[in-house]
Number of protein chains: 2
Amino acid sequence: MAATAEPKDAATRTEQVFRRLRDDLLANRFQPNEPLRFERMRELYESGIAPLREALSRLSESGLVVQVGQKGFRAAPFSLEDLHDIVETRRKLEVLAAQDAAQNGSEQWESNLVATFHRFGKVSRSKPETVAERAVWEERHTEFHRALIAGCRSRWTQQLWSIVFDHAERYRRSAIGLGHWSENEYADHKLLFDAAINRDPERLGELLHSHIGVSAERLVMHLSPSLAGPKAF
Amino acid sequence: MAATAEPKDAATRTEQVFRRLRDDLLANRFQPNEPLRFERMRELYESGIAPLREALSRLSESGLVVQVGQKGFRAAPFSLEDLHDIVETRRKLEVLAAQDAAQNGSEQWESNLVATFHRFGKVSRSKPETVAERAVWEERHTEFHRALIAGCRSRWTQQLWSIVFDHAERYRRSAIGLGHWSENEYADHKLLFDAAINRDPERLGELLHSHIGVSAERLVMHLSPSLAGPKAF
DNA sequence: GAATGCGGGGATTTCGAAATTCTCGGGAAT
DNA sequence: ATTCCCGAGAATTTCGAAATCCCCGCATTC
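Conventions used here
- Residues numbered from 1 in each chain as written.
- Chains lettered and ligands numbered in written order.
- Predicted model: local features only at pLDDT ≥ 70, side-chain atom pairs only at ≥ 80, totals over all residues.
- Heavy atoms only, no water.
- Salt bridge = Lys/Arg side-chain N within 4 Å of Asp/Glu carboxyl O.
- Helix = DSSP H or I, 4+ residues; strand = E, 2+ residues; numbered from the N terminus.
- Buried < 20%, exposed > 50% of the residue type's maximum accessible area, 1.4 Å probe, protein only.
- Least-squares fit on C-alpha atoms with pLDDT ≥ 70 in both.
- Contact = heavy atoms within 4.5 Å.
- Core = buried A, V, L, I, M, F, W, Y, C linked by side-chain atoms within 4.5 Å.
- Expected span 1.5 Å × (residues − 1).
- Arc of directions from axis to C-beta.

K.L.:
Help me understand the pattern of salt bridges, please; the structure alone is not making it clear to me.
P.N.:
Should the charged atoms of two oppositely charged side chains come close, the side chains can pair. Residues and elements named next belong to chain A. According to the stated counting rule, one finds 34 salt bridges over all chains in the structure shown. Residue E15 is joined to R19 by a salt bridge in which the shortest nitrogen-to-oxygen separation is 3.6 Å. Here R19 and E15 lie together in helix 1 (residues 13-26), a separation of four residues that amounts to about one turn. Its relative accessible area of 24% is what places E15 among the partly exposed residues. Accessibility expressed as a relative area gives 33% for R19, which makes it partly exposed. The salt bridge partner of R40 is E34, with a shortest N-O separation of 3.1 Å.

Now the structure itself:
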């Protein structure tokens, strides 16, 4: 048996396509509202139509793609209104979940959070320059927030949080290259980390609330120009 | 142009299968954890395999069915733990959404709520006896709760609420025939309705919190015997 | 007797093509 | 000039069968 458990068999082709498609969507490798035609998808993902349709169907259920009538699939559109809603919904869920984790998280949650924050810290002390560095930073950042709420007792809250966090990440990553970066990413998250480890739900809630709010404001500032058009996309 | 908008073209076969499958799942016409084999599904829904797989994929994304490895699809299992989680998550979302609706709901939301409560009232003054009556009651009940939060400004909160409410409804309807019915369904919902119309978020929140809590307790009492087994299903 | 390896049967998964539907430009009628 | 209709091309949707994989019983071996 290997060191770390690796359940990622990538068993079925639908699964592979689903994961790669989701990655590409979150990385904005498709334009918002761009039609996802099968001919092109077949080449891109080296698959028949059946697995593609299944993966796209699943993604349409969580809103990353939209399926119109008999007109196929498109990458989900962007809009300032949607961004605002996403952020607010994520904020409520994450505050609830994190506070519950701070109160009821297990020993194992705590130690996993320490390890995850350590990994996040290593890539957050300086601004990521290359695309690859930025991708790693995003991964670690997501990992940290997930680890923060992983101690929450409600599986469903975590599941719903994942959905809106995905959408938030899609917006966030669309601002890469627009100079979207804050100098105190590390310090901000350190505060969250400390409040969680100190089991201080009150403070953790306040910090999270403002952290998400501030990040969102900065994001809206960067994205407003491109999203302000008359039609939402 | 017809009187009321009817966008239900039932255009694509996948859509039809999806809707019917979802209905059958919510009505517990499949046993929890029951394998959903394609041979049988083909006969039941008069469809090829492709639309079935797509519908099942979408349903697996929201958790009504689970897809195992290369072993196909099953109806989602039941467990007391899951029920508890569902109820708590729904409670938080619905309280948040309803309070926002009470504060910010439009004129149109208000009038639609009146109409919906009227329809609900007509079937809630006496206990539904036949299966058909009970089905109508469930429909109107869902309609009322949806209309209550429809005034909420957050589309995403409403969307996430829909997911957990579906699961809650599945549990609730599994208790039909076990004498699961309360005499004061009408009175309880009348209080909610009044608080919403009076734009009293504080009171509406409290009422909803206890309404969902009480309903859940009664439900757990009825379902505990069948769900208490060593294995979750 | 218990554990291991091997096929047969059944079920899922995937493919390639047929059927259906939509798009869009050109032409006729008003 | 504008509107409406129609048909060719293109794209989606659906089907039936081939390919693949899993379960399970049985024989073999230690």
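K.L.:
Help me understand the relation of the copies chain A and chain B in this model?
P.N.:
Taken together, a rotation about one axis and a shift along it account for how the two chain copies relate. Once chain A is rotated about the relating axis by 180° and shifted along it by 0.0 Å, it coincides with chain B to within an RMSD of 0.0 Å. These values place the two chain copies in the arrangement generated by a two-fold rotation axis. Of the interface residues in chain A, 100% have counterparts in chain B that sit at the interface too, so the contact is made through matching surfaces.

K.L.:
Could you clarify how one ought to interpret the nonpolar core in this entry?
P.N.:
Inside soluble globular proteins, nonpolar side chains tend to come together where they are buried. If you look at the biggest cluster of nonpolar residues, it comprises 86 residues, and the most contacted ones within it are A:L113, A:L160, B:L113 and B:L160. Excluding residues within four positions of it along the chain, B:L160 makes contact with A:T89, A:L93, A:L160, A:I163, A:V164 and B:L93. The next biggest cluster of nonpolar side chains, apart from the first, holds 18 residues, and it includes A:V17, A:F30, A:V65 and A:A75.

K.L.:
Got a minute to help me understand helix 5 (residues 107-122) of chain B in this structure?
P.N.:
Each α-helix winds once per 3.6 residues, and so residues spaced three or four apart point in a common direction. All names here are of chain B. For helix 5, which comprises 16 residues, the first-to-last C-alpha distance of 23 Å matches the rise-based estimate of 22 Å (1.5 Å per residue) to within 8%. Within helix 5 the residues assigned to the buried category are W109, L113, T116, F117, F120 and G121. Along helix 5, the residues classed as buried sweep out an arc of 140° about the axis, all on the same side. Residues of helix 5 that are exposed and point more than 90 degrees away from the buried face comprise E107, Q108, H118 and K122. Where helix 5 is buried, its residues contact helix 4 (80-104), helix 6 (131-149) and helix 8 (185-197).

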